[in-house]
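Residues per chain, in single letters:
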Amino acid sequence: MNYEEVMNLATRRGFFLRSAESYSSTPAGFWDYGPLGVQFKNRFIEMWRKMLVRRDAMVEIDTAQIMPKNVFVASGHLASFSDPVIECGSCHSIFRADKLIEERTKKNTPEKLDDQAYDMLIQQNRIACPNCNSPLKGTKRFNMMFRVGIGPQNEEAYLRPETCQGIFVDFPYLFKTQRIKLPKGFAQYGKSFRNEIAPRQGILRQREFYQAEIEVLFTPANLDDPRFDEALGRPINIAEGDTEPRRMLASDALKEQVVPSKLIAYYLTLIQSFYEEIGLDPSNIRLRRLTDEEKAFYSSVAYDLEVRTSVGWLELVACNYRSDYDLKRHSEVSGSDFTIDEGGKRVTPHVFELSMGVDRSLYALLENCYKVEEGRTYLSLRAAVAPIQVGIFPLVTKDGLPEAATEIYRSLIKEFDALYDGSGSIGRRYARADEAGVPFCITVDHDTLSTKTVTVRNRDSKSQERVAVSELELMLPKLLR
RNA sequence: GCGGCGUUGAUCCAGCCUGGUCAGGAUGUCGGCUUCCCAAGCCGGUCGCGCGGGUUCGAAUCCCGCACGCCGCACCA
């Protein structure tokens, strides 16, 4: 299968659709979730809460999406979350100034010079437009944050480019009021915004997208805390560079120093096992250690959790050791105290983050679960993340079967995401349910009326089991776990 | 943002070169009949020429612009 096939099904069934489709001029990079997509996303987030947030006793918060300028002065996004670009006045091609100079001069060119410095270098080296050979000048900064104006004075503010800044700025409050002891994980799920120059790859690279971020705050004294020992026996798939991963025990990764500390090993195993448990094939997952050039400006050690898809290895999670960069900067710019007491000394906590791309994760799950067998298409989603948990169908639409099926539906809908379908042949209804990834379908047949039993069909195997109606409410929670 | 190619119901595709008799097929979906455990059949309904302008008596079709998409370049905390 490929991206088009998966998105075709996702569009037909109501997972995702292009935002404001009815207006042809809608810019690229914006997507809506349809009914199935919302339920799928909700289930995914609920699993994230269950397996990461609750399992690790993290603190989940929800912060504002618009934040004032100074937050991003402190975070570094205003200065660094931008690229030096230069436009050809003749053919209007746009180039990265630093990359262009580097390519022509073969000399390393930093991306944080003054704009004039790039113009100078371009002039000195007589660099012309690679496209039409016209002269180039006027390097500008393209910042990838969306600027917004607050109130009548249009006070400078930005839509957050990552959810974690809200966690950092709220940390002093949380630490004081929530009886927090480090190391501690802080979690937030919500939208982030990045004004991509040219978004491609549809839902995989959006201008407005969901993140689920975990920021682990700790002090360097915690890096090899014994509480992280439980991770040592768990496997992780480590890749150095763009290679096939090696599946190894976390303890061996520490020994070989491909992972620098127990804390990082613990959270890497946690995030990988999360993706394995919600349905990605372990052999399609790798934790790729990033090179210095690839790392974000705030990161000192970084891994990307990637999944193998038809569009190549797809980054789902950025795992960054941000050191004390964030809290120090917020302390400097805000003037507030972001330190904590450790053995009588004030120290600024460090940060290790797991920054998940939610929309991408959902796509990866769909593609991983997209199956075509014997001419039938189905989504082999784990029951725990399936948008619809159970279908209830009358075998025929006469002889009182719809009434009996409706009665069962009415009782199940109180506890489960259930679907009633009495339209078309029974086979057609199974096929529809298969494409929506419904893991179990209950069929009411003539025997139901006399024996009070129904058949329960398993989506993946198509096999059926006869079950007493009275047992459904006890049995389904076990099946759906 | 540049270059090339493209855009026809929810989905897939024909029509465009050669303007009219052209908006058609299939899937889906809804209603009815029928059948009854894996997309059967029949009847009926439903949904479309990306947007704007131009040429023309007449434009899905030709021309221009824009938007979006794909590929390449570039970009991608």
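The paragraphs below set out a description of the structure included in this document. (Residues numbered from 1 in each chain as written. Chains lettered and ligands numbered in written order. Predicted model: local features only at pLDDT ≥ 70, side-chain atom pairs only at ≥ 80, totals over all residues. Heavy atoms only, no water.)

Attention now moves to the pattern of salt bridges. Counting across every chain of the model gives 34 salt bridges. For Arg54, the salt bridge goes to Glu46, with nearest N and O atoms at 3.2 Å. Judged by relative accessible area, Glu46 falls into the partly exposed class, the value being 34%. With a shortest N-O distance of 3.7 Å, Glu156 and Lys69 are connected by a salt bridge. Of this pair, Glu156 sits in strand β9 (residues 155-159) while Lys69 is found in helix α3 (residues 69-75), placing the two residues 87 residues apart along the sequence. (Salt bridge = Lys/Arg side-chain N within 4 Å of Asp/Glu carboxyl O. Buried < 20%, exposed > 50% of the residue type's maximum accessible area, 1.4 Å probe, protein only. Helix = DSSP H or I, 4+ residues; strand = E, 2+ residues; numbered from the N terminus.)

Glancing now at the layout of surface pockets. Estimates place the volume of the second largest pocket at around 280 Å³. Forming the walls of the second largest pocket are 13 residues, and the residues nearest its centre are Met47, Lys50, Ala384, Leu480 and Arg481. In terms of residue count, helix α2 (residues 35-54) provides more of the lining of the second largest pocket than any other element does, six residues in total. The residue makeup of the lining of the second largest pocket, split by class, is six nonpolar, one polar and six charged. (1 Å grid on protein atoms, 1.4 Å probe; cavity = no way out; pocket = protein on both sides within 12 Å on 5 of 7 lines; lining within 4 Å. Points joined across faces, edges and corners; volume = space filled by probe spheres on them. Nonpolar A, V, L, I, M, F, W, Y, C, P; charged D, E, K, R; others polar.)

Here we take up the environment of Asn2. With respect to the element layout, Asn2 can be found in the segment before α1 (3-13). With relative accessibility at 31%, the residue Asn2 sits in the partly exposed group. Between the C-alpha atoms of Asn2 and Asp224, which are 222 residues apart in sequence, the distance is 42 Å. Look past the residues within four positions of Asn2 in its chain and what remains in contact with it is Ser310 and Tyr363. At 3.1 Å, the side chain of Asn2 and the backbone nitrogen of Glu4 are in polar contact. A distance of 2.9 Å separates a polar side-chain atom of Asn2 from the backbone nitrogen of Glu5. (Contact = heavy atoms within 4.5 Å. Polar contact = N/O pair within 3.5 Å; in protein donor to acceptor, adjacent residues only side chain to side chain.)

Turning our eyes to something else, we now look at the packing of aromatic side chains. Aromatic ring pairs are defined here through the distance separating the ring centres and the angle between the ring planes. What the rule picks out here adds up to 17 aromatic pairs. Measuring from centroid to centroid gives 5.5 Å for Tyr189 and Tyr210, while their planes differ by 15°, and the two rings are stacked. You can see Tyr189 sitting in strand β10 (residues 184-193) and its partner Tyr210 sitting in strand β11 (residues 208-218), a full 21 residues away along the chain. The two residues Tyr189 and Tyr210 agree in class, both being buried. In textbook terms, an aromatic cluster arises when at least three aromatic residues are bridged by ring pairs, as seen for Phe15, Phe16, Tyr33, Phe40, Tyr189 and Tyr210. Positioned over the ring face of Tyr210 is Lys41, at 4.2 Å from the centre of the ring. Across the ring face of Tyr378, the terminal group of Arg376 is positioned such that the distance to the ring centre comes to 4.1 Å. (Phe/Tyr/Trp six-rings, centres within 6.5 Å; stacked < 30°, edge-to-face > 60°. Lys NZ or Arg CZ within 6 Å of the ring centre and 35° of its normal.)

The next thing to look at is the pairing of strand β12 (residues 235-240). Where β12 lies against strand β13 (residues 246-249), four bridges are found, and the strand directions are antiparallel. For Ile238, the partnering residue across the bridge sits in β13 and is Arg246. Where β12 folds back on β13, the antiparallel hairpin that results is connected by five residues, among which Gly241 adopts a positive phi of roughly 80°. (Pairing = 2+ DSSP bridges.)

By the bridge criterion, three bridges tie strand β4 (residues 66-68) to β9 in an arrangement that is antiparallel. The partner of Met67 across the bridge, within β9, is Tyr158. Here strand β8 (residues 147-150) hands over to β9 after four residues, with Gly151 in that stretch at a positive phi of 65°.

What follows concerns the side chain of Lys41. Considering the arrangement of structural elements, one finds Lys41 in helix α2. The buried charged residue Lys41 lacks any salt bridge, with Asp359 as its nearest oppositely charged partner at 7.3 Å. Ignoring anything within four residues of it in the chain, the contact list for Lys41 reads Tyr33, Tyr189, Tyr210, Val358 and Leu362. (Lys, Arg positive; Asp, Glu negative; His and termini not counted.)

It is worth spelling out the environment of Val444 at this point. Tracing the backbone shows Val444 in strand β24 (residues 440-444). With relative accessibility at 0%, the residue Val444 sits in the buried group. In this structure the C-alpha to C-alpha distance between Val444 and Glu403, which are 41 residues apart in sequence, comes to 9.7 Å. The residues contacting Val444, other than those within four sequence positions of it, are Phe393, Pro394, Leu395, Leu401, Ala404, Ala405, Ile408 and Val454.

A few words now on the sheet that holds β9. Read from one edge of the open sheet, three strands run β4-β9-β8, paired in antiparallel fashion. Across the chains shown, the open sheet's two edge strands, defined by having one partner strand only, are β4 and β8. Here the average twist between neighbouring strands, direction ignored, is 45°. (Axes fitted to C-alpha atoms, helices over the stretch in contact; angles between N-to-C directions.)

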